[in-house]
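Structure assessment
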Amino acid sequence: MKFFKIVLLFISLQTSAQQGGMWIPSLLNGMNEQEMQALGSKLTAKDIFDVNNSSLKDAIGHFNGGCTSEVISPKGLLLTNHHCGFSQIQSHSSIENDYLKDGFWAMTLAEELPNEGLYVDFIVRIEDVTTKVLNGVNDGMTAQVRQSFVDSNINAVKKAAVVEPWHKIKIKPFFKGNQYFLFVFERFEDIRLVGAPPTSIGKFGSDTDNWVWPRHTGDFSIFRIYANKNNRPSKYSIDNVPYTPKHFLPISLDGVEEGDFTMVFGFPGRTNEYLPAVAIEQLTEKINPSNIAVREAALKVMDAYMKSNDTIRIQYASKQARIANYWKKWIGENKGLKKSKAIAKKREFEAEFTKKIIEKGLEVQYGSLLEEFESAYAEFNNINMLRSRFTEVFIRNNELMKIMFRLTQMEDAAYNQESFNKAKAYMISTLKGIHKNYNAELDRAIFNEIMPLYTDEVNDRIYDKTSFTNLDSALVVLEGSPSQVIQRINEDAAYQYAKPYIMEFYTRIEPEYQSKKSNINAIQKDYMQALMQVMPNERYFPDANGTLRVTYGQVKGYEPRDAVYYKPISYLDGVIEKYEPDDYEFDAPAKLLELYETQDYGQYADSNGKLPVCFLGTNHTTGGNSGSPAIDAHGNLVGLNFDRVWEGTMSDYYYDAEICRNIMVDLRYILFIVDKFAGATHLIEEMTLVHPKNNTVKLIEKN
Ligand code: ARG
Ligand code: ASP
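Below or above, wherever it landed, is the structure these notes cover. (Residues numbered from 1 in each chain as written. Chains lettered and ligands numbered in written order. Predicted model: local features only at pLDDT ≥ 70, side-chain atom pairs only at ≥ 80, totals over all residues. Heavy atoms only, no water.)

So, on to empty space enclosed by the protein. Considering all chains together, one arrives at four cavities of 30 Å³ or more under this definition. The space that makes up the largest cavity amounts to roughly 50 Å³. In terms of lining, the largest cavity is formed by H62, D121, I123, K170, F183, F185, F267, G546, T547 and L548. When residues of the lining of the largest cavity are traced back to their parent elements, those giving at least two are β6 (120–128) and β8 (179–188). Roughly 40 Å³ of internal volume is contained in the second largest cavity. Lining the second largest cavity, in full, are D58, F122, I123, V124, E186, Y243 and K246. If one sorts the elements of the lining of the second largest cavity by residue count, β6 sits on top with three residues. Of the residues belonging to the lining of the second largest cavity, the class tally is four nonpolar, no polar and three charged. (1 Å grid on protein atoms, 1.4 Å probe; cavity = no way out; pocket = protein on both sides within 12 Å on 5 of 7 lines; lining within 4 Å. Points joined across faces, edges and corners; volume = space filled by probe spheres on them. Helix = DSSP H or I, 4+ residues; strand = E, 2+ residues; numbered from the N terminus. Nonpolar A, V, L, I, M, F, W, Y, C, P; charged D, E, K, R; others polar.)

Shown next, in the form of structure tokens:
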């Protein structure tokens, strides 16, 4: 027994470094398959991705372009996060039927609610089209000429691709434009809301707990995919029927324990893992602090108003959450980059890189790249700062200025009736979106706090004179012919104030930013190529770009700071510890408290009798991975990814297996809520529940 443990320890030490990375699912053969199996997986590369037979990938859907979701029943039941389905849940809610507050459960198919505009994409196949896309391209070309070759090749490849009529195609650059992949996918557009827990479960802990461990949030919602009678994608129709998937994920009732293998399969949005040290320096010393400062100023105002007035608190809940989400992320990111000494480590790595270049006699080709980076970033710094200051002040944090920004776009589109109408329709929907929950006094207070961070000329009397702090008067300004509308806008006090800044943005800031940025991108492309050639034995994965990826690791706790260890699994007991009656973040439904009192956990309790809620893993995830399935060693669903730990959010730039952790809801908590809390047992009956762990063996081992 002891010997066995030592061998196990040895294996896990040997492989513990081999984590991190977001891998292309069609290329797992070889290294990835071996690493996964070394971590405990029983799956083959083909189990995960197979073009000719059904495989795990057939259950993974890109949810509305921004999140991930997975099919969990033969009748197209689809699981994602509560925060991913939030706007759909909100749009069906009213004062009488407040699904955000009370939750929603369709007890029959007829009660499932359609969602206009919502779609889910499934990957059919992936093809490396690099040679075709880079046909005719050579190293002597300028970035612009190269890009025009690439663009026309991409069009040609798309045209030549052979696909079914209901298939769609897209081609995306990988490894900074050194490689190109084509994706054939199916888009389903009849996606209906089936169930959502109340916000007091789905968003339990809200902002205080966001990006934080220990976590106790049941962040899930359930939808269903509908297809036409031939099981093909179709727009909403009353004649549509539940979709029969090529694959759905069985759900494990055995859960996970520390050390267990997990993989996360989904659509990560964007990472930047191959930046030079100088870029990380600029990010941590300039950009993040600047963005944090603007948001801090805006949040201070919001928080004060929200505390003093309940109507404002509800009105601004979602706006505040959006601003606070990345404000908090950037703070954590800076902490993590510092704690893991990312800059120093990148510098060391670059020294090593330089040494290898010389050893391999590649100085002529790559010897100047790092210096080019240094000078390109030195030139980029000011304009990068200015641009991100502008976006934070004018677009992200102050809504009157955001309206002005959109108005300049509308003015720009006024050259003909058709483009004007389009711009105007967009303008109206922006205005309605903002004014649905708007308080001019609060917005003015934010203006007064953040505008001084951009300019010395802060004139808040524009709030008394403008027509745009009120929806009705704003809509009146937009009536009439394009020239009438444009003239009236130009007479508006807020527009007169904002327009010179916005014009400066368009005519000077943005062009300079784009040209310096594309210079950096060109160096980055060569650097990526150099890395792979000079240090061919490193593990290279392409940065996230919104395409399907696999990441894997183990269930594991971590040390956030000296003398503190975080265990990897949280329980319902923790919900009760945090519970605060009537608190807007930590209230909990009476029914949940009751189930806790009676310990009525059914088949969902852990072997210790407690009900697991969330768990941590070393899977390398990012924004877009929300709603991704955490899959066990056998291909069963065990968790639902929704967040990362604060100290590890720097994984977007620098993954450190010591402190980077993703946070998942335990599937048993989700099933418990569906079954015991909501009584939606018909949904449980649709699913396939399994016990993959050999209980007898476990018992013997314990003795
Ligand atoms: N931090 C997570 C993500 O970036 C969850 C955000 C939703 N939850 C919240 N409390 N705002 O999307
Ligand atoms: N919460 C993020 C999302 O919505 C996931 C993450 O950034 O870890 O995709």
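Picking up after the structure, the text goes on.
Looking now at the packing of aromatic side chains. For the structure on display, the rule yields 35 aromatic pairs. Their ring planes at 35° and their centres at 5.4 Å tell us that F380 and Y513 sit as a pair that is tilted. Here the residue F380 occupies a position in helix α15 (residues 369–396), and Y513 occupies one in helix α22 (residues 493–534), the gap between them amounting to 133 residues. Of the two residues, F380 and Y513, both sit in the buried class. (Phe/Tyr/Trp six-rings, centres within 6.5 Å; stacked < 30°, edge-to-face > 60°. Buried < 20%, exposed > 50% of the residue type's maximum accessible area, 1.4 Å probe, protein only.)

Turning to the pattern of salt bridges, a few remarks are in order. Under the criterion given, the structure shown has 39 salt bridges. Residue D464 pairs with R444 through a salt bridge whose shortest N-O separation is 2.8 Å. Separated by 20 residues along the polypeptide, D464 in helix α19 (residues 462–465) and R444 in helix α18 (residues 440–450) bring together distant segments of the chain. For D464, a relative accessible area of 55% puts it in the exposed group. With a shortest N-O distance of 3.2 Å, K525 and D526 are connected by a salt bridge. (Salt bridge = Lys/Arg side-chain N within 4 Å of Asp/Glu carboxyl O.)

Considering all chains together, one arrives at one disulfide under this definition. Between the sulfur atoms of C67 and its disulfide mate C84 the distance is 2.1 Å. With the S-S bond torsion at -80°, the cross-link from C67 to C84 turns out left-handed. One end of the pair, C67, is in strand β2 (residues 67–71); the other, C84, is in the loop between β3 (77–80) and α4 (86–91), with 17 residues separating them in the sequence. Judged by its relative accessible area of 11%, C67 falls in the buried class. Judged by relative accessible area, C84 falls into the buried class, the value being 10%. (Disulfide = S-S within 2.5 Å.)

This part takes up the site of ligand 2. In the vicinity of ligand 2, the contacting residues are H83, W211, T622, G623, G624, N625, S626, F642, D643 and R644. Between ligand 2 and H83 there is a distance of 2.8 Å, counted from an oxygen atom to a side-chain nitrogen or oxygen. For ligand 2, an oxygen atom lies 2.7 Å from a polar atom in the backbone of G624. A breakdown of the residues in the shell around ligand 2 according to their chemical character gives two nonpolar, six polar and two charged. (Near = heavy atom within 4 Å. Polar contact = N/O pair within 3.5 Å; in protein donor to acceptor, adjacent residues only side chain to side chain.)

This brings us to the packing of helix α10 (residues 277–308) against helix α13 (residues 342–359). One way to put it is that α10 packs onto α13 with a least axis distance of 9 Å and a crossing angle of 165°. Viewed along their axes, α10 and α13 adopt a mutual orientation that is roughly antiparallel. Seen along the crossing, α10 lies across α13 with a hand that is left-handed. Of the residues in α13, those touching α10 at A277, V278, I280, E281 and T284 are I343, K346, R347 and E350. (Axes fitted to C-alpha atoms, helices over the stretch in contact; angles between N-to-C directions. Parallel < 35°, antiparallel > 145°, perpendicular 65-115°, else oblique. Left-handed = near helix turned anticlockwise from the far one by under 90°. Contact = heavy atoms within 4.5 Å.)

This part is about α18. Every buried residue belonging to α18 is among L442, D443, A445, I446, F447 and I450, and all of these are buried. Elements in contact with the buried residues of α18: α10, α11 (310–315), α15, α16 (399–412), α19 and α22.

Taken together, H83, K203, S206, N210, W211, N325, F642 and D643 form the complete shell of residues around ligand 1. Residue H83 places a side-chain N or O atom 3.5 Å away from an oxygen atom belonging to ligand 1. Residue S206 places a main-chain N or O atom 3.3 Å away from a nitrogen atom belonging to ligand 1. Burial of ligand 1 by the protein chains amounts to 85% of its free accessible area of 340 Å². A class-by-class count of the residues in the shell around ligand 1 yields two nonpolar, four polar and two charged. (Areas by Shrake-Rupley, 256 points an atom, 1.4 Å probe, with all protein chains shown as cover.)

Alignment of strand β15 (residues 558–561) against strand β16 (residues 564–566), held across two bridges, turns out to be antiparallel. When the bridges of β16 are listed, Y558 appears paired with Y566. (Pairing = 2+ DSSP bridges.)

Let us look at the nonpolar core. Counting residues in hydrophobic clusters, the biggest one holds 189 residues, and the most contacted among them are M263, F394, M401, M404, L407 and Y669. Among the elements that make up this core, the one with the highest residue count is α22 (17 residues). By size, the runner-up hydrophobic cluster in this structure holds ten residues, among which are V124, V133, V157 and V184. (Core = buried A, V, L, I, M, F, W, Y, C linked by side-chain atoms within 4.5 Å.)

On to the packing of helix α21 (residues 482–491) against α22, then. Think of two packed helices as two axes; the pair is described by the angle between the axes and how far apart they sit. Closest axis-to-axis distance for the α21/α22 pair is 5 Å, and the angle between their directions is 85°. One element, α21, and the other, α22, form an angle in the roughly perpendicular class. From α21, I489, N490 and E491 reach across to α22, where they touch A493, Y495, Q496 and K499. Looking at the contact of α21 with α22 residue by residue, the classes come out as three nonpolar, two polar and two charged.

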